[in-house]
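Listed below, chain by chain, are the residues.
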Amino acid sequence: MTVGTRVYDTLIVGTGFTGIGTAIKLTQAGVDDFVILERDDQVGGTWRDNTYPGAACDIPSLLYSFSFVANPTWSRAYSPAGEIRTHIEDMVDRFDLRRRIQFGVEVDGLEFDEAEGTWTVKTTGRKRFRARSVVLASGPLSDHRWPEIRGLESYEGHKIHSANWDHDYDFTGKRVAVIGTGASAVQIVPELVKKAGFVKVFQRTPGWVMPRLDVATPEVAQTAFAKVPAVQRVARQALYWGHEATATALVWNSPLTGLVKRLSKAHLHRQVKDPWLRRQLTPDFTPGCKRMLVSSDYYPALQRDNCKLIDWPIARISPVGIRTSDGIEHHLDAIVFATGYDVHLTGPPFPVTGVGGRSMAQEWSGGAQAYKSINAHGYPNLFIMTGPNSGPGHNSLLVFVEGQIDYAVAGITTILRNDLRFLDVRADVQQRHNEVLQKRLTKTTWMSGCNSWYLTADGFNASMYPGFATQYLRQMRDFRFTDYEAVARDAGSHRLRAVTSSA
Ligand code: NAP
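Residues numbered from 1 in each chain as written. Predicted model: local features only at pLDDT ≥ 70, side-chain atom pairs only at ≥ 80, totals over all residues. Heavy atoms only, no water.

On to the domain arrangement of the protein. Each domain of the protein was delimited in the assignment, giving domain 1 (8-143 + 342-488) and domain 2 (152-208 + 252-337). The straight-line distance from the C-alpha centre of domain 1 to that of domain 2 is 32 Å. Contacts between the two partners involve 22 residues from domain 1, matched on the other side by 21 residues from domain 2. Counting each side, the surface lost to burial between domain 1 and domain 2 is near 1,800 Å², with a carbon and sulfur contribution of 55%. Inspection of the region where domain 1 meets domain 2 yields one salt bridge. Arg291 serves as the salt-bridge partner of Asp58, at 2.5 Å between the closest nitrogen and oxygen. Taken together, the connections running from domain 1 to domain 2 amount to seven residue pairs in polar contact (both at pLDDT 80 or more). Its residues placed into classes, the side of domain 1 that touches domain 2 shows nine nonpolar, 10 polar and three charged. (Domains from an automatic or database assignment. Contact = heavy atoms within 4.5 Å. Buried area = accessible area lost by both parts, 1.4 Å probe. Salt bridge = Lys/Arg side-chain N within 4 Å of Asp/Glu carboxyl O. Polar contact = N/O pair within 3.5 Å; in protein donor to acceptor, adjacent residues only side chain to side chain. Nonpolar A, V, L, I, M, F, W, Y, C, P; charged D, E, K, R; others polar.)

Our focus in this paragraph is the sheet that holds strand β8 (residues 175-179). The parallel open sheet is built from five strands, whose spatial order is β7-β16-β8-β9-β12. Whereas interior strands pair on both sides, the edge strands pair on one side only; in this sheet they are β7 (158-161) and β12 (307-310). The mean inter-strand angle of the sheet, taken between neighbouring strand axes irrespective of direction, is 20°. Looking at chain direction, β7 and strand β16 (residues 334-337) are connected through four bridges and run parallel. Along β16, the bridge assignment pairs Lys159 with Ile335. Seen against the sheet, helix α4 (residues 185-192) touches β8, β9 (198-202), β12 and β16 and runs at an angle of roughly 165° to β8. (Pairing = 2+ DSSP bridges. Helix = DSSP H or I, 4+ residues; strand = E, 2+ residues; numbered from the N terminus. Axes fitted to C-alpha atoms, helices over the stretch in contact; angles between N-to-C directions.)

This brings us to the packing of aromatic side chains. Tallied over the full model, the rule gives 19 aromatic pairs. Judged by centre distance (5.1 Å) and plane angle (20°), the ring pair of Phe479 and Tyr484 falls under stacked. Like Tyr484, Phe479 is buried. Among the aromatic residues, ring-to-ring pairing joins Phe17, Trp47, Tyr64, Phe66 and Phe68 into one connected group. Between Lys25 and the ring centre of Phe68, over which it is positioned, the NZ or CZ distance is 4.6 Å. One cation-aromatic arrangement involves Lys174 over Tyr169; the distance from NZ or CZ to the ring centre is 4.9 Å. (Phe/Tyr/Trp six-rings, centres within 6.5 Å; stacked < 30°, edge-to-face > 60°. Buried < 20%, exposed > 50% of the residue type's maximum accessible area, 1.4 Å probe, protein only. Lys NZ or Arg CZ within 6 Å of the ring centre and 35° of its normal.)

All right, on to the sheet that holds strand β15 (residues 329-331) then. As summarised here, the arrangement of the three strands in space is β13-β14-β15, forming an open sheet in which the pairing is antiparallel. Both edges of this open sheet fall to β13 (314-317) and β15, since each of them pairs with a single strand only. If you compare each strand with its neighbour and ignore which way they point, the axes differ by 25° on average. Summarising the sheet, strand β14 (residues 321-324) and β15 pair through three bridges and their orientation is antiparallel. Bridge pairing in β15 links Arg323 to Glu329.

Encoded structure:
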């Protein structure tokens, strides 16, 4: 291993929306000495990895983008994944960030040196990096997961995961299974049925589906957005407040949750006439508890002659296909696993060693905890993006990410301007924050009894934010130096409670 002698002011891990957005804002704040590490050879994060047919964002593009990098040319209300990825590439070029990215460098450990006030960033290759601050922007859904189904390894046909699509495989005329009926599956199935000979969709839990009102962006709107950016800002605001309003139904169980149920059932009734299929597709959990699905072509796809919904539990995967618990062996040429991700609910997928050798994996094993989702006591100068309890159930993730970026930039500039060796959130502040958060979470739909990737095996919610995006943004705008212990670079070894700052 070679440890570079150079110490960067900041190191960013990941080149998805979050990493690139942070780099843009850091540059704008005058922080110029940073490097971005990317394990792949291209930027884009989840929008680079998810290339399955039908991949698109289920949040409107005007809202699923940064307010500080307007894109007036979105082709549709819900733009396809390829276009989102191109937009990320454009941001990189527009803000001249490519020269700062080191591609093919995969982080596999972070270690804080208290005496130096630097993070050592280990990688799977020979390189090591050092930086005064680290921004972890590698995302919670960056590693896909094969499900634990008996016999998976024995299958002799073609296996494809939704997050790692095999574009060389020709589905034409093939007998295909899709396992899973979540956000990815409802986008894949309508495309697969157009090509495959037969598609069997294996459902474990039906989800609530709302229609997707996807339209091409009229040229006149694109022109208006380009010529008068205020028009786009107003349209974004309208979408923002529209989504905010849905929190009253999706985050908390309220009479409005019942309305969502009725609207979703009406969508099902309108699109599915067969009462038995309707029954199979009717969920039995509170809307919002699992992620709402948004699709207008999923139900029609299921009713095509070459498609069938199977809701018998999967008993095992056999060499020739899938055996369900009713004893039927489904012979298949290919199985598509739309079964989700290895969600990093207990911290990053590599060791993070903080002050005094503490281990994040150990401390978070019972559930991750942070302050305002972004800093964790004992891990100074570390900014965890899309960290614990930062997930929205009703609004654009990027709205939340913008708040995190501003907060991280405030923290990093505080460290640099005050020449701090480190800035560590106080344990008591973090504990109080989490007590309030967990209390608020008990009243949310996510805790209403369904199974979801939002919760750990013990039912601890370390992923979702129990409130409006507006509340989250308000807390992220408020960077309080007094919430931290700070140590100046020339202050010997003892920690001082921070009382003053030039931030
Ligand atoms: P997911 O929501 O976790 O859904 C996985 C599906 O696979 C579920 O239907 C699950 O059933 C099923 N499943 C998992 N293991 C299984 C097993 N062993 N046997 C049978 N069925 C099994 O995964 P996803 O659809 O990939 O979506 C993950 C997240 O990615 C979403 O929640 C969202 O945040 C993000 N996403 C976003 C978009 C977008 O448009 N913005 C699109 C795709 C994904 P159960 O429900 O019974 O567990």
